[in-house]
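# Residue-level structural notes
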Amino acid sequence: MIEMVKRFLLLMAGVAALVGASAQENDGTFRSSMFPKEPIGRWSVGVFGGMDNNTHVVNVGYASDMKYTSMGGTTAGLSAGYHPTGWLTLRGDVAWVQKNYRLDRDSYYVSFVYTESTNNYLLVPVAAEISFGRTFRVAAHIGAYAGYWLTGKRQGQSLSVSYLVSGNEEDTFFDEDYQFDETRDNRFDAGLDFGFGLRMAFAKKIDVSVDMHWYYGLTDVQKNYMTNLNPRYNTTRAIQVGISYWLGKKNGERKAKTEN
Amino acid sequence: MNAHTIKILLALVAVAAVGCRKEAIEVVNPDRHFCYTYVDQFETIWTGIDQGYLFWDRDTVDWDALHERMLPVFRQFDSKGGATDEELDRAYKQMVHGLLDHHMYVQVKNLKTGNAVYADPAWDEVPFRDYYHYTFFDQQVALLKTMEGVTEYNEGNDYFRCYSALFPGSNGKKIAYLRFRSFSASSTARAVSYGSLPAATIGPLRWFYGNDATNGVTNGWAGRDAVEAVIIDLRGNGGGNLEDIRPLICSLTPSRSDIGYTRHKEGLGRLDYSSWTPFHIDSHPNHLDGSKKVVLLVDVNSVSCSELSACIVQSMPHGTVIGERTYGATCPLLPGGHNMLYSGVFGDYGSLGYYVYTSNFDVVDKDYKSLEGVGVTPDIECLFDFTALQNGRDNQLERALEYIRTGK
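One structure accompanies this document, and this report is about it.

So, how was this worked out
- Residues numbered from 1 in each chain as written.
- Chains lettered and ligands numbered in written order.
- Predicted model: local features only at pLDDT ≥ 70, side-chain atom pairs only at ≥ 80, totals over all residues.
- Heavy atoms only, no water.
- Helix = DSSP H or I, 4+ residues; strand = E, 2+ residues; numbered from the N terminus.
- Buried < 20%, exposed > 50% of the residue type's maximum accessible area, 1.4 Å probe, protein only.
- Contact = heavy atoms within 4.5 Å.
- Buried area = accessible area lost by both parts, 1.4 Å probe.
- Salt bridge = Lys/Arg side-chain N within 4 Å of Asp/Glu carboxyl O.
- Polar contact = N/O pair within 3.5 Å; in protein donor to acceptor, adjacent residues only side chain to side chain.
- Nonpolar A, V, L, I, M, F, W, Y, C, P; charged D, E, K, R; others polar.
- Pairing = 2+ DSSP bridges.
- Axes fitted to C-alpha atoms, helices over the stretch in contact; angles between N-to-C directions.
- Phe/Tyr/Trp six-rings, centres within 6.5 Å; stacked < 30°, edge-to-face > 60°.
- Arc of directions from axis to C-beta.
- Core = buried A, V, L, I, M, F, W, Y, C linked by side-chain atoms within 4.5 Å.
- Parallel < 35°, antiparallel > 145°, perpendicular 65-115°, else oblique.
- Left-handed = near helix turned anticlockwise from the far one by under 90°.
- 1 Å grid on protein atoms, 1.4 Å probe; cavity = no way out; pocket = protein on both sides within 12 Å on 5 of 7 lines; lining within 4 Å.
- Points joined across faces, edges and corners; volume = space filled by probe spheres on them.

So, on to the overall build of chain A. Each helix and strand counted, chain A has 3 helices and 10 strands in total. When the helices and strands of chain A are placed in sequence order, the string is α-β-β-β-β-β-β-α-β-β-β-β-α. Every one of the 260 residues in chain A was classed for burial, and the buried ones make up 53%. By sequence separation, contacts in chain A at least 24 residues apart represent 69% of the contacts at least 6 residues apart.

Set out below in structure tokens:
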């Protein structure tokens, strides 16, 4: 799985580089005709929301019947962008992202045991986005994020002594807020944010967008509290639909400026 | 630096950052690892406890520092061609010293001599309690039939050490008494039903509970109108199988016993735990109606299932625990549980030369307070009196009878 993610990241990095390079002529100048409506030197702000899917990357070692699987979640947030050139946007987001996952036990006596972990993160990604196109713009971004693990929930079934002694199946269920352990849990989160998207001018000062984000965690979700600790990372893929509003000059003005 | 260079750099930074995740480490499976050196044995046992031990969230032993301190000792054993049994015994006792788990013991084969050494962290603590005493099980049961007013005395045999008797209570009523040495009643009753053991083995159980022996209270003395109270004597009872708890203990109350919460390990990290789930045990379908007093006698040698029984009796409306604070091995385990829960018992002495016995279910009370390493404090404390025993008296049993007869 890690190798697959790495290959995909390499591919994405390559695509991003090509997208940027394709917007450039041999003499180093940019083909402004590809970005007739780009608002150079202006800001935009927006909101977005969507769905995500998170993979909890952990080496279970010899505990091969512990199966971690990806789980879906929700994401939403605010974004701001500054457009220093016709092809480049510097983006900053404040995003609520759920990084959920499920642990199942694939062993005869405990096959009913599972835990669904719901984890709410606040992420602040900062990215450089390059884009091209006219009515529709294709964009790719690469950046980094920092974040904080806000809250969590745990829901599932566990093996209980009650169940073993008197067969009380109801005592195997749990559904509770996650209690953070200061020794174990690393609530600081940081990693890469990259992806691609589509932009469309929807109204005079309003654009709509669809973005695919990869939040590739580089911080272990655990603190380094023991010697033989296998690291755990989250890799989250998100599809976000957004709407943004151009601040400052009117749309027509930005068009005139970029076409001069 | 032009824009093209910046984009290439961004792409390179992204690629480089992807490789910034720490590499996963491979860990040996401590449950089945062949060891050819003293260091191998130490590392395997250290790792098994590191990953599967249940109490790392509250144990005060610095396990990483201990590894640094002890590894040179075992390296030295290898470099000098072996260790004496005394040296190896001392090393493993140092290794587990101070661990909280009172079920734990470590058994290791000395690669040089072929002899077993044995380390038990509870044994560094329990004997140093000011009220600690050896078990005088045989001496106490020998006194039973000599006690004033006793009738209906029954005893099992060496397969299942079990004793029952009837004592006079108050207002002409009786007190039914049962004592057994281990929680192996259900398996023993099965062996009797298969014909592998004589019926007399479980005679006292049948006398107390009824003909079915381990099917709750049926037609035995415990349920008869003539009996006003029952005493279960678990002094010196080293515990055993959880399956006995419900027919032998929970059948003494009509209500469900709410003990607290349990959890287990959920991964190989020291602090990877499952969520807490309620620890209830339903009453047995064949149960007492709740009108009789239930008294449980315990002492410092009451271990594991005996302690769990004390928790259950304390949760009964008519239940009272009398005696001493118990041993402190309150968290149960499933033998062979390492394959199931990646915690608890691991290794095999016969084939691998090491074996570690340790809990795999953490238990706390309703206030999330752990009794592991502490034990159950009785409702009425009555310490063992050796002088009384020498004079032919069992002061703790006398105290239980007095409580039933007088209500105080």
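Residue-level contacts link 63 residues of chain A with 55 residues of chain B. In total, about 4,900 Å² of surface goes out of reach between chain A and chain B, with carbon and sulfur atoms giving 60% of it. D220 of chain A is the partner of K22 of chain B in a salt bridge, and the nearest nitrogen-oxygen pair spans 3.6 Å. Linking chain A to chain B there are 21 residue pairs in polar contact (both at pLDDT 80 or more). Sorting elements by how many residues they give to the side of chain A that touches chain B places helix α1 (residues 2-22) of chain A first, with 7 residues. Class assignment for the residues of the side of chain A that touches chain B results in 33 nonpolar, 19 polar and 11 charged.

Turning our attention to the sheet that holds strand β12 (residues 354-357) of chain B. Hydrogen bonding along the main chain pairs the strands of a sheet, whether they run parallel or antiparallel. Residue and element names in this part refer to chain B. Pairing within the open sheet is antiparallel, and its 4 strands lie in the order β2-β1-β12-β11. The open sheet terminates on both sides in strands that have one partner only, identified here as β2 (116-119) and β11 (346-348). Taking the axes of each pair of neighbouring strands and ignoring which way they run, one obtains an average angle of 20 degrees across the sheet. Direction of pairing for strand β1 (residues 105-109) relative to β12: antiparallel, over a ladder of 4 bridges.

Residue and element names in this part refer to chain B. Using the criterion set out here, one finds 33 salt bridges over all chains in the structure. The salt bridge partner of E87 is K80, with a shortest N-O separation of 2.8 Å. Residues D362 and R263 are paired through a salt bridge, measuring 3.3 Å at the closest nitrogen-oxygen approach. Of this pair, D362 sits in strand β13 (residues 362-365) while R263 sits in strand β7 (residues 257-263), and the two are 99 residues apart along the sequence. No difference in accessibility class separates D362 from R263, as the two residues are buried.

Residues and elements named next belong to chain B. In terms of burial, strand β8 (residues 277-281) is a largely internal element, 4 of the 5 residues being buried. Direction of pairing for β7 relative to β8: antiparallel, over a ladder of 5 bridges. Its bridge partner being in β8, S257 is matched across the sheet by I281.

Another aspect to go through is the packing of aromatic side chains. Taken as a whole and assessed by the stated rule, the structure comprises 36 aromatic pairs over all chains. Measuring from centroid to centroid gives 5.7 Å for Y121 of chain A and W149 of chain A, while their planes differ by 10 degrees, and the two rings are stacked. With Y121 of chain A in strand β5 (residues 114-133) and W149 of chain A in strand β6 (residues 136-157), this pair connects stretches of sequence that are 28 residues apart. In this pair, the class of Y121 of chain A matches that of W149 of chain A, namely buried. Note on F384 of chain B and F386 of chain B: the rings are 6.4 Å apart at their centroids and 50 degrees apart in plane angle, and the pair reads as tilted. F384 of chain B sits in the buried class, given a relative accessible area of 15%. Among the residues examined, F386 of chain B registers a relative accessible area of 39% and is labelled partly exposed.

Structural remark: α-helix, 3.6 residues per turn; residues separated by three or four positions point the same way. All names here are of chain B. Those residues of helix α5 (residues 137-144) that fall on the buried side of the exposure criterion are F137, Q140, V141, L143 and L144. Along the axis of α5, the buried residues cluster in a sector spanning 155 degrees; they form a single face. Residues of α5 that are buried in the fold lie against β3 (151-157), β4 (160-168), β5 (174-180), α12 (386-390) and α13 (395-406).

Our next topic: the nonpolar core. Residues and elements named next belong to chain B. If you look at the biggest cluster of nonpolar residues, it comprises 98 residues, and the most contacted ones within it are I49, F74, Y92, L205, F208, I232 and L252. Residues within four places of I232 in sequence aside, it is in contact with L178, F180, F208, Y209, I249, L252, V295, L296 and L297. Among the nonpolar cores identified, the runner-up in size contains 22 residues, and M147, A165, A229 and L397 belong to it.

All names here are of chain B. For the pair helix α2 (residues 38-52) and helix α4 (residues 85-96), the least separation of the axes is 12 Å and the interaxial angle reads 25 degrees. Overall, the two elements α2 and α4 adopt an arrangement that is roughly parallel. The way α2 lies across α4 gives a crossing that is right-handed. Along the contact surface, α2 presents Y38, Q41, F42, I45 and W46, while α4 presents L88, Y92 and M95. For the contact of α2 with α4, the residue count by class is 7 nonpolar, 1 polar and no charged.

Moving on, we come to unusual backbone geometry. Residue and element names in this part refer to chain B. You will see that A213, though not glycine, has its phi angle at about 65 degrees, which is positive. Of note in the backbone geometry, S304 takes a positive phi value of approximately 55 degrees without being a glycine. Its place among the elements puts S304 in the loop between β9 (293-298) and α9 (305-314). Exposure remark for S304: the relative accessible area of 12% places this residue in the buried category.

Time to look at the packing of helix α3 (residues 63-79) of chain B against α4 of chain B. All names here are of chain B. Where α3 meets α4, the closest approach of the two axes is 10 Å, and the angle between their N-to-C directions is 170 degrees. On the basis of the axis angle, α3 is roughly antiparallel to α4. Between α3 and α4, the residues in contact are W63, L66, M70, V73, F74 and F77 and E87, L88, A91, Y92, Q94 and M95, respectively. Split by residue class, the contact of α3 with α4 holds 10 nonpolar, 1 polar and 1 charged.

It is worth spelling out the environment of K265 of chain B at this point. Residue and element names in this part refer to chain B. Inspection of the secondary structure puts K265 in the loop between β7 and β8. Classification of K265 by relative accessible area gives buried; the value is 0%. The sequence separation of K265 and G344 amounts to 79 residues, and the corresponding C-alpha distance is 9.2 Å. Apart from the residues within four sequence positions on either side, K265 is in contact with Q51, G52, Y53, L54, R270, D272, Y273, S274, L341, Y342 and S343. In terms of polar contacts, K265 uses its side chain to reach the backbone carbonyl oxygen of Q51, at 2.3 Å.

This part is about empty space enclosed by the protein. Per the stated rule, a full pass over the model turns up 6 cavities of 30 Å³ or more. For the largest cavity, the calculated volume is near 300 Å³. Where the lining of the largest cavity is concerned, the elements lending two or more residues are β1 (42-58), β2 (66-83), β3 (88-98), β5, β9 (206-217) and β10 (232-246) of chain A. Looking at the lining of the largest cavity, the element that brings in the most residues is β10 of chain A, giving 6 residues. Broken down by class, the residue content of the lining of the largest cavity amounts to 8 nonpolar, 12 polar and 7 charged. By volume, the second largest cavity amounts to about 170 Å³. Lining the second largest cavity are 16 residues; nearest its centre among them are N59 and N230 of chain A together with L268, G269 and D272 of chain B.

That is the geometry; function is a separate question.
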